[in-house]
Number of protein chains: 4
Amino acid sequence: MIIVMKSGSPRQEIDLLLTELSGWNVVPELSVGKHKVAIGLIGDTAEIDVRQVQNLSPFIEQVLRIKKPFKRTSLEFRNGEPSEVKVFTPSETITFGQNHPVVVIAGPCSVESEEMIVDTALKVKAAGAKFLRGGAYKPRTSPYAFQGHGESALDWLATAKSVSGLGIITEVMDAAELEIISSVADILQIGARNMQNFSLLKKVGATNKPVFLKRGLSATIEDWLMSAEYILAAGNPNVILCERGIRTFDREYTRNTLDISAIPVLRNLTHLPIAIDPSHATGKSELVTSMALAAIAAGCDSLMVEVHPNPQKALSDGPQSLNFPNFEQFMKEITPLGKFFGRWQEPRYTNSKVTQSQTSLANWKIGVL
Amino acid sequence: MIIVMKSGSPRQEIDLLLTELSGWNVVPELSVGKHKVAIGLIGDTAEIDVRQVQNLSPFIEQVLRIKKPFKRTSLEFRNGEPSEVKVFTPSETITFGQNHPVVVIAGPCSVESEEMIVDTALKVKAAGAKFLRGGAYKPRTSPYAFQGHGESALDWLATAKSVSGLGIITEVMDAAELEIISSVADILQIGARNMQNFSLLKKVGATNKPVFLKRGLSATIEDWLMSAEYILAAGNPNVILCERGIRTFDREYTRNTLDISAIPVLRNLTHLPIAIDPSHATGKSELVTSMALAAIAAGCDSLMVEVHPNPQKALSDGPQSLNFPNFEQFMKEITPLGKFFGRWQEPRYTNSKVTQSQTSLANWKIGVL
Amino acid sequence: MIIVMKSGSPRQEIDLLLTELSGWNVVPELSVGKHKVAIGLIGDTAEIDVRQVQNLSPFIEQVLRIKKPFKRTSLEFRNGEPSEVKVFTPSETITFGQNHPVVVIAGPCSVESEEMIVDTALKVKAAGAKFLRGGAYKPRTSPYAFQGHGESALDWLATAKSVSGLGIITEVMDAAELEIISSVADILQIGARNMQNFSLLKKVGATNKPVFLKRGLSATIEDWLMSAEYILAAGNPNVILCERGIRTFDREYTRNTLDISAIPVLRNLTHLPIAIDPSHATGKSELVTSMALAAIAAGCDSLMVEVHPNPQKALSDGPQSLNFPNFEQFMKEITPLGKFFGRWQEPRYTNSKVTQSQTSLANWKIGVL
Amino acid sequence: MIIVMKSGSPRQEIDLLLTELSGWNVVPELSVGKHKVAIGLIGDTAEIDVRQVQNLSPFIEQVLRIKKPFKRTSLEFRNGEPSEVKVFTPSETITFGQNHPVVVIAGPCSVESEEMIVDTALKVKAAGAKFLRGGAYKPRTSPYAFQGHGESALDWLATAKSVSGLGIITEVMDAAELEIISSVADILQIGARNMQNFSLLKKVGATNKPVFLKRGLSATIEDWLMSAEYILAAGNPNVILCERGIRTFDREYTRNTLDISAIPVLRNLTHLPIAIDPSHATGKSELVTSMALAAIAAGCDSLMVEVHPNPQKALSDGPQSLNFPNFEQFMKEITPLGKFFGRWQEPRYTNSKVTQSQTSLANWKIGVL
C-alpha cells in the first residue's frame, strides 16, 4: 500500500503519520521524490481499509494498493520516482540511476593474476570505465574448469582498486565468503545461476552493499523482480538489475538472446537502475559494440563489458572479451551516443587523476604498496 | 563458389570469363562492388577444382568456396558488398540498404476502409514515412476473426498510394492472389507464419517485386536465411529481412522478444537489408519508440511500425498500434538519432509535396480520382 | 453455443429444432454421442439469449456457451464425445479415435523410387502398420536440398498402395497439388511449417479427405487447435492432430522436444484424435521406441514412424529413420503395451492377406499391375 | 580415462594396478560390473599415453578416453553398468536403479503441521510409496510467500518417519542447514533453482547422503550432468537425477513442459538413476497420472508425486497436488504398468507393517513417541 502526500506537506505532519502507522502492524517506508513524498506500507495490508488511511491526515493526496506481487521494487512504491544507487569508490561517488550518466563497468571474467588485473584496471580506467569487474570465485559449469583464485584474487582486486581508484564489483557465490568479499568489493554481484538462490539473496539483502542482480537464464521479468524484492525486503534498497541475455531456441550465432525490451518494460514496472551486459548476452566480442549502442538508445543506466589483456589466452569467456585496443575503440564509439542522450559524464581532472594512478602504479611496481 | 576479380579488371576479361563458366554446368552471377567485381557460381560446384578456376584468368584475385548452407544470401557471395533494394514509389525511388537512410514503413495492421487508409497514408507521409503498410488479406489465428477486406482493400490501397505518393507494402498469403496484389503493391510481404511456406517463397521468387521476408516465430537465423535463399535462388535478389520478435518463455509483458542482436549477426552473414518491426516484437505501443531507437543504434536499415487512426477500435492488433499524434511524436524522437548516425533522409521539396498530396486528397474527396 | 438434448429425445423433435434454428442466422451441427445428442451452433451466437434457446423445446437438457476461442474442435462441442476419423484403405476401414486401436503409420521421409516405396510398404505392412507415409513434395529448409519426386512419387505411392493394401498419407504443400495428391492419398498431411498457412488450411478444409495436422515448431496448444478450427470451419471434420516435437533451448541430444503432456491436455480440450511422431520429435532412431511406449501409455491414438530401407543412404532424415529389422523390433516392443491398454488390433486373416500382398507383389514385379 | 579389465581378472592384479596408478597423479576409481571391472582415472589424464596404460597389465582389455565434458557421471565411466543408489529407510533398504523397481516418492510441497505430515505419511505408505517428500525450507518466488516451517518441520518429518517407516526426502537450500537436515533426511533434494548453485553442490557432494538433483528450468542435459559431476567429483556417487519439466514458450495449459525424452537420452549418457516429477512438470493434478504412466513406459526409475490432505487449502502448489483418494487411485493405475515392465516391488509382510505403523501411530497420538 502506498500513501502519496500532497506537495508541500509539512515534515511534522509526515512524522506524525509515520508514528501513527507504526502502531498498525506494518512497516512504513519513506520515499522522497522531487515533488512529492510517498510512504510505502510493508506487511499484511490486505486487512487495512483505504478510507481509514485516507482519514489519517488532510495532507494525504492518495492511498493506493500495489496489486503486483513485487511491492518494494515496484515503481508505484516510490510514486514513480526512479531510485539512485550511490557507490563510493576511491576516486569519486558514482550514482546509478535513470537521471545519471551511463556507468561503464569493465574487466575480465576472472582475475588471473595481480599484474593482469592491475593492468586491466588502469587501461579500462583510462578509457573511461568507472568500475572494475573480475571474478575471484567463479561459477563454472564444469567442476574441472578453473574456479577462480579466491582470496588471492581478492587481494589482487584490492591492489587494482588502490592503484586505479576504480570501484570493484565481484561475484558472491557463497554466503561464507560474503564478509571477505565485502572487504574489497564496492558492489556485490549475484550471478545468473544464483538469481533464485533465495538464501543468498536474503544474506546480501542483510548487508548495506549495493547488489548487482543478474537475470537468470530463463527468468521472467516477474521472477527477476521478485528476486530483487527478496533483497529489498531484507533491508537493502541498493539493487541494480542486469540483463545478460536469456536462453532461447537459437544459440548458433549468439550464446544467449539479449532481451533489449527488458529496458523499457522494467522502466515501467520498477524504480531500480537497469544495466546491460552485452558480452554475456551475445558471447561474441564482435557484437558487443552494436548491442551497447542499442542498450544506450533504449535507455540503460549502466553497461558491463568483459575486457581481457589477451582474450585468446583467457581462462574463461575469451570469445566474448574485448582486448584493450578494442575496449578503447568501444568507448570511442559509444561515448558520442551517450552524450547525444545527455547520459555521459564529462571527464573531470583527468590529467591529475592519471598522474595519481601512474604514481600509484609506479609505487605498486616497486613494492611500496 | 565465389570468384573475386582484381581491382581494375577489364570488362572484356570478365565477359570472357562469364562465357567460359557458362559451359561448366553452373550459373555465374555478377556482383559489382565499389572496388571489385565478384562472380558467384551457382550449381553443383562440389566437383569443381579451385585451382582450375584460378587458372582461367590472370585477373582472378581469389577463388573461394562458400561453406555455409546459404549461398546467394551470404555476404561472401557479394564479396562483402551490401546489396541495395531499390523500390520505385510514385514520389521517389527508395533504396533499402546499409549505406542508405533508414526507411520508415507505417500503417495499420489491416485496411479497414478507404477513408481510414487514405487518412493514415497522408498522416504517416506527413510525418516522414516512405511506405504505407496495410493488410488486405490477413493471417489470423482464428477462422472467425476478421480476415481482411481482400480485393476491396487492394483498391483502397491503390487510392491511398495515388493520393499520398507512398509506396505500398502488403502481405501475400496465397499464390492465387499474387497477381492482383502485385498490381498495387510495391513490396510483397511474406508473414512470419509463412516464412517456411516454400511453395509461396518460390512463387514470389519468380516475380521481380521486392520481398519483405518476416522472420518466423521460432526460426533460427539460419532457417531465415535459407528461406531468403529460396527467393534468391528462384531469381529474385530483392529481399529485405524483417525481425519481428521471436517466441520465448516470457510472454507476460511483451508479445514476443525482439532479437536485437539479429542486426549485427545478419550484418556479418548476409548482404541483404535488415528491417525491424518493433510493433509486433513487443505488442505494446508504449514500447515501440525505445525499441526503434535501439534498432537504429544497432544499425537497422528500415523500421516497420503499426499506425492506426483509432487503435482502441482497430479490427486487429490495436494494443501495439500508435495513433497519429503518437506516430508524429515517434518520428520526432527517432529522427535526431537517425541523423546522428547519418542514416536519415533530409526532406526535399516538402512543401510542394504536401501541396501535391493535399491537392490529390482534395481531388479524391470530390471524386475526381 | 451447444444445445445438449435429453437422453431419448425423439428424432422428430430434434429435426424440428434444427429447422427452427436454421432460421436464426446460425448453422446448427448435429453430434450424436453414445447416450446423448448435442447440437452445436456456429455463427454469431453472441446476441442469442440462452433462455430463448432453452425455451425452444422441452427436450433440451442444457444450453451452453463455448468460451474458448476454438469452438468446433472443443470437447464441449461434441458434449464430451470423442470423434472418430474413419479412413477407407484398400484392405479395411481404419478408425482413428480414443476408443479404437492405436493406428501405426510408417514409411520414409521421402519417396525415393518405386522399388523402395513398394518394398517399404510390404515390410511395414507385414510388421503391423496400417498406413504408409512418404513425401512426394518435400518441405526442405534448403532450396538446394532434394525437394521430392513430385508426380512420379505419387505414381509410386499408388503402386505401393495397390500392392500392399495400405492407406496412403502424404504431405500437401501447395493447393495447386491438392487434386493430384487427393487422387492417391487417403489422408492429407499438413506439415509443421504450414500449420499456420491459413490459405492451405481452408483449402484442405473444403475437401472431404481426412487431414493429419502437424503441430508447428513453436505453436501453442491453442494456436494448434485454432488451425484445426480452420479446417473444421471450412466443413471438414476429419482432422487428426499430430504432436511432432516443439522447439526449445536444448537441441543437443534431440532435434526437438516431444511435448508428451500434449496428449492429456488435448484430451481435455478437444474431441479430435491425437497422434505422436516420435521420429521427428527426437530426430534419433534410437529414441523412437521408448518415446512410442510413452505415447501409448499417455493415451495417444496413432503413431507415425519413419522407416527407410537404408537410413544411412536416405535422401532426407536418415538419422531418425528405423530400418526394416529395427521397425519389426519396434512393433514387437510396442505391441504388448498396446494390448495391455486394450488399444491394439488383433491381426485378422493375416495369412491370406500376406498371400494376397505377395501375389500383388509378384504381379507388380512381372509388370501386370 | 577408463581402463576396462578382462572378465575374470584376478583381484590381486587389479589391486596392483590401482597401487601403480596412484603414483601417476590421478585418482583411480573402481567400478565393479556384473561381468567386468572398470577403473576410472580422475585428474589430468590429457598427458597420459593410452598405450603406456595398456602395457601396465596383460589383464587390461581396453583403455578409453572419455571425450564428454562429464566424466564420473558418464556411462563409459562405469563401462555401461548402471549405478545403484541404496537408501536405508527405517523399514527397508530401497535401491534406485535401472534394474530395480520404480520407487514412488510422495508427499506435500511443504510440511504444514505435524498432524498433516504424519497423516500424509501413513496414507502414502499404505498406497505404496517408499519415501515421504515434504519441504521444511521452501524456495518461493516471493519473499512474502510461506517459506516453510524450518526446524519445526524437520521435527515433524522425523515423527512421520518414525511413525510410518518411510524414508524422508527434503530440500536443502543453504549449506548452513545441511547438518540439521541430514539428521532427519535420508535423501537431500537440490531444487531446480539451485541446480547451478555450485557452492551448495560441492557441499552436498562432501556428505555421503544420496542427493536428488532436480533439473534447472532451462538447464540443458549437459548442464545438468555437469552439476551432477560436481557432486560426484566431491566424492558422493549417490546422485539421482530428476526431470521436473522445462520452461518453454507454452505455459497456458501446463506450468512447464515435461521433457520425457530426457529418460532415454540420459540412459545413453549416464549410469545414474532417473526420476520424473509429473506434478511440477505439469502443474495440474489431472495430468499427473498419464504423465507417470508415460514416464514408466519410457523407463524411469522413480516417480516423485505431490500429495496433500487438502489441496485446495495447501500453502503451496495446491493445483498440482493429489489428495489421498486421488493418490490411491493413481497408485492403482500405475501399479499394473509397473508390473507389466517388471519394475514393481511386490508388497511383502504388508499386514505386519501396517500393524506396526498403526501401533506407532497410536503411540504417537497418545504422546509416547
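The rules we used
Once a new chain begins, its residue numbering starts again from 1 and follows that chain's sequence as written. Both sets of labels track the order of writing: A upward for chains, 1 upward for ligands. In keeping with the predicted nature of the model, local features appear solely for residues at pLDDT of at least 70, side-chain atom pairs appear and are counted solely at 80 or more, and the whole-chain, interface and lining totals rest on all residues. Only hydrogens and water are set aside; all other atoms, that is, all heavy atoms of the structure, feed into the side-chain values. Least-squares superposition of the copies uses the C-alpha atoms of those residues scoring a pLDDT of at least 70 in each of them. Here a residue-residue contact requires only that any non-hydrogen atoms of the pair lie within 4.5 Å. Note on pairing: two strands pair once DSSP finds at least 2 bridges between them. In this text, helices come from DSSP runs of H or I with a minimum length of four residues, and strands from runs of E with a minimum of two, each type numbered from the N-terminal end. Axis lines are fitted through C-alpha atoms, for helices just across the contact stretch, and the angle between N-to-C directions can take any value from 0 to 180 degrees. Note that domain bounds follow an automatic or database assignment of domains. Nonpolar core, defined: a set of buried Ala, Val, Leu, Ile, Met, Phe, Trp, Tyr and Cys residues in which side-chain atoms within 4.5 Å join the residues together. When accessible area is computed with a 1.4 Å probe and restricted to protein chains, residues below 20% of their type maximum are described as buried, those above 50% as exposed, and intermediate ones as partly exposed. Take the residue count of a helix, subtract one, and multiply by 1.5 Å to get its expected span. By definition, a residue's bend is the angle between the axes fitted to the seven residues ending there and the seven starting there. Salt-bridge detection follows one rule: a side-chain nitrogen of Lys or Arg within 4 Å of a carboxyl oxygen of Asp or Glu. A crossover counts as right-handed when, viewed with the strands pointing away from the observer, the path leading from the first strand over the helix to the second turns clockwise. UniProt positions are given in the numbering used here, feature names are shortened, and annotations may be inferred rather than shown by experiment. Summed over both partners, the accessible area lost on bringing two parts together, with a 1.4 Å probe, is the buried area. For the purposes of these results, a polar contact is taken to be a pair of N or O atoms within 3.5 Å, where, inside protein, one atom must be able to donate a hydrogen and its partner to accept one; residues adjacent in sequence count only when each atom of the pair is a side-chain atom. Throughout, the ten residues Ala, Val, Leu, Ile, Met, Phe, Trp, Tyr, Cys and Pro are labelled nonpolar, Asp, Glu, Lys and Arg are labelled charged, and all others, Gly among them, are labelled polar. Angle categories: roughly parallel below 35 degrees, roughly antiparallel above 145, roughly perpendicular from 65 to 115, and oblique for all the rest. Here a crossing is called left-handed whenever its near helix is offset anticlockwise from the far helix by less than a right angle, and right-handed whenever the offset is clockwise.

This part takes up the relation of the copies chain B and chain D. Expressed as a screw operation, the relation of chain B to chain D combines 0.0 Å of axial shift with a rotation of 180°, fitting to an RMSD of 0.0 Å. Such a turn and shift between the copies fits a two-fold axis. Residue B:Phe249 of chain B places its C-alpha closer to the rotation axis than any other residue of that unit, at 2.1 Å. Both copies share a contact surface, since 100% of the interface residues of chain B are interface residues in chain D too.

All names here are of chain D. Strand order around the closed barrel formed by eight strands is S7-S8-S9-S10-S11-S12-S13-S14, with parallel pairing between neighbours. With strand direction ignored, the average angle separating the axes of adjacent strands in the sheet is 25°. With two bridges joining them, strand S13 (residues 274-276) and strand S14 (residues 302-306) adopt parallel strand pairing. Bridge pairing in S14 links Ile276 to Leu303. Along the sheet, helix H4 (residues 150-164) contacts strand S8 (131-133) and strand S9 (167-171); its crossing angle with S9, the most-contacted strand, is approximately 160°.

A few words on the sheet that holds strand S11 (residues 211-214) of chain B. All names here are of chain B. Read around the barrel, eight strands follow the order S7-S8-S9-S10-S11-S12-S13-S14 and close on themselves; strand pairing throughout is parallel. With strand direction ignored, the average angle separating the axes of adjacent strands in the sheet is 25°. Examined bridge by bridge, strand S8 (residues 131-133) and strand S9 (residues 167-171) share three bridges and lie parallel to one another. Opposite Arg133, over in S9, you have Ile169 as the bridge partner. Against the sheet, helix H3 (residues 114-127) makes contact with strand S7 (103-107) and S8, and its axis sits at roughly 145° relative to S8, the strand it touches most.

This next bit is on the domain arrangement of chain A. One can read the domain layout of chain A as domain 1 (2-65) and domain 2 (85-360). If you average the C-alpha positions of domain 1 of chain A and of domain 2 of chain A, the two centres end up 36 Å apart.

With 332 residues, the main nonpolar core has A:Phe327, B:Phe327 and D:Phe327 as its most contacted residues. When neighbours within four sequence positions are excluded, B:Phe327 is seen to be in contact with B:Val104, B:Ala106, B:Val124, B:Ala127, B:Ala129, B:Val305, B:Val307 and B:Leu322.

For helix H11 (residues 324-340) of chain D, which comprises 17 residues, the first-to-last C-alpha distance of 25 Å matches the rise-based estimate of 24 Å (1.5 Å per residue) to within 8%. D:Ile334 marks the point of greatest bend in H11(D), at about 30°, and the proline D:Pro336 comes within the next four residues. Here H11(D) has its buried residues at D:Phe324, D:Phe327, D:Phe330, D:Met331, D:Ile334, D:Thr335, D:Leu337 and D:Gly338. Each element contacted by the buried residues of H11(D) is listed here: helix H10 (288-298) and helix H11 (324-340) of chain C together with strand S7 (103-107), helix H3 (114-127), helix H10 (285-298) and S14 of chain D.

Another point: the pattern of salt bridges. Applying the stated criterion across every chain, the model contains 78 salt bridges over all chains. Two residues, B:Glu29 and B:Arg72, come together in a salt bridge whose shortest N-O distance is 3.3 Å. Separated by 43 residues along the polypeptide, B:Glu29 in strand S2 (residues 26-32) and B:Arg72 in the loop between strand S4 (60-64) and strand S5 (85-88) bring together distant segments of the chain. Classification of B:Glu29 by relative accessible area gives partly exposed; the value is 28%. Of the charged contacts, one joins D:Glu328 and D:Lys332 as a salt bridge, the two residues approaching to 4.0 Å between their closest N and O atoms. Note that D:Glu328 and D:Lys332 are positioned in helix H11 at a spacing of four residues, about one turn of the helix. A relative accessible area of 57% places D:Lys332 in the exposed class.

What follows is about the pairing of strand S12 (residues 239-243) of chain C. All names here are of chain C. S12 sits mainly inside the fold: five of its five residues count as buried. Taking every second residue as pointing to the same face, both faces of S12 are buried, with Val239, Leu241 and Glu243 on one and Ile240 and Cys242 on the other. Between the parallel elements strand S11 (residues 211-214) and S12, the chain passes through helix H7 (residues 221-233) in a crossover that is right-handed. Across three bridges, S12 lies against strand S13 (residues 274-276) in parallel orientation. Among the inter-strand pairings, Leu241 is bridged to a residue of S13, identified as Ile274.

Per the UniProt annotation, the sites labelled "domain: DAHP synthetase I/KDSA" (unreviewed entry) are residues 90-333 of chain A. The distance from the first to the last C-alpha atom of residues 90-333 of chain A is 27 Å, and the span holds 38% helix and 16% strand.

Glancing now at the interface of chain B and chain D. In this complex, chain B contributes four residues to the contact, which on the side of chain D involves four residues. For the pairing of chain B and chain D, the buried interface totals around 320 Å² over both sides, and the portion due to carbon and sulfur atoms is 58%. When the buried area of chain B at its contact with chain D is split by residue, B:Arg247, B:Phe249 and B:Arg251 rank highest and sum to 91% of it. The tally of links from chain B across to chain D stands at zero salt bridges. Joining chain B to chain D, the criterion identifies two residue pairs in polar contact (both at pLDDT 80 or more). A breakdown of the residues in the side of chain B that touches chain D according to their chemical character gives one nonpolar, one polar and two charged.

Right, let's talk about the packing of H10(C) against H10(D) for a bit. At a minimum axis separation of 7 Å, H10(C) and H10(D) run at an interaxial angle of 150°. Considering the angle they form, H10(C) stands roughly antiparallel to H10(D). The two elements H10(C) and H10(D) cross, and the hand of that crossing is right-handed. Seen from H10(C), the contacting residues are C:Ser290, C:Met291, C:Leu293, C:Ala294, C:Ala297 and C:Ala298; seen from H10(D), they are D:Ser290, D:Met291, D:Leu293, D:Ala294, D:Ala297 and D:Ala298.

Turning to the interface of chain D and chain C, a few remarks are in order. How large an interface is tends to be reported as the accessible area lost when its parts come together. Contact with chain D, which involves 38 residues of that partner, is made by 38 residues of chain C. Overall, the association of chain D and chain C removes approximately 2900 Å² of surface from exposure, summing both partners, and the carbon and sulfur fraction of that is 74%. Contact with chain C buries area across many residues of chain D, yet D:Phe249, D:Tyr253 and D:Phe340 alone supply 22% of it, more than any other trio. Our enumeration of links across chain D and chain C arrives at two salt bridges. With a shortest N-O distance of 3.4 Å, D:Arg215 and C:Asp250 are connected by a salt bridge. At the surface where chain D touches chain C, the tally comes to six residue pairs in polar contact (both at pLDDT 80 or more). Residue assignment for the side of chain D that touches chain C shows that the elements contributing at least two residues are helix H7 (221-233), helix H8 (262-269), H10 and H11 of chain D.

Of the transformation placing chain D onto chain C, the axial shift is 0.0 Å and the rotation is 180°, giving an RMSD of 0.0 Å. When the interface residues of chain D are mapped onto chain C, 100% of them again lie at the interface, so the same face is used by both copies.

Residues and elements named next belong to chain B. Notably, Asn79 is not glycine yet its phi reads approximately 55°, a positive angle. Take Asn79: it is sitting in the loop between S4 and S5. The exposure class assigned to Asn79 is partly exposed, which follows from its relative accessible area of 33%. The phi dihedral of Asp317 is positive, around 60°, even though this residue is not glycine. Within the secondary structure, Asp317 is located in the loop between strand S14 (302-306) and helix H11 (324-340).

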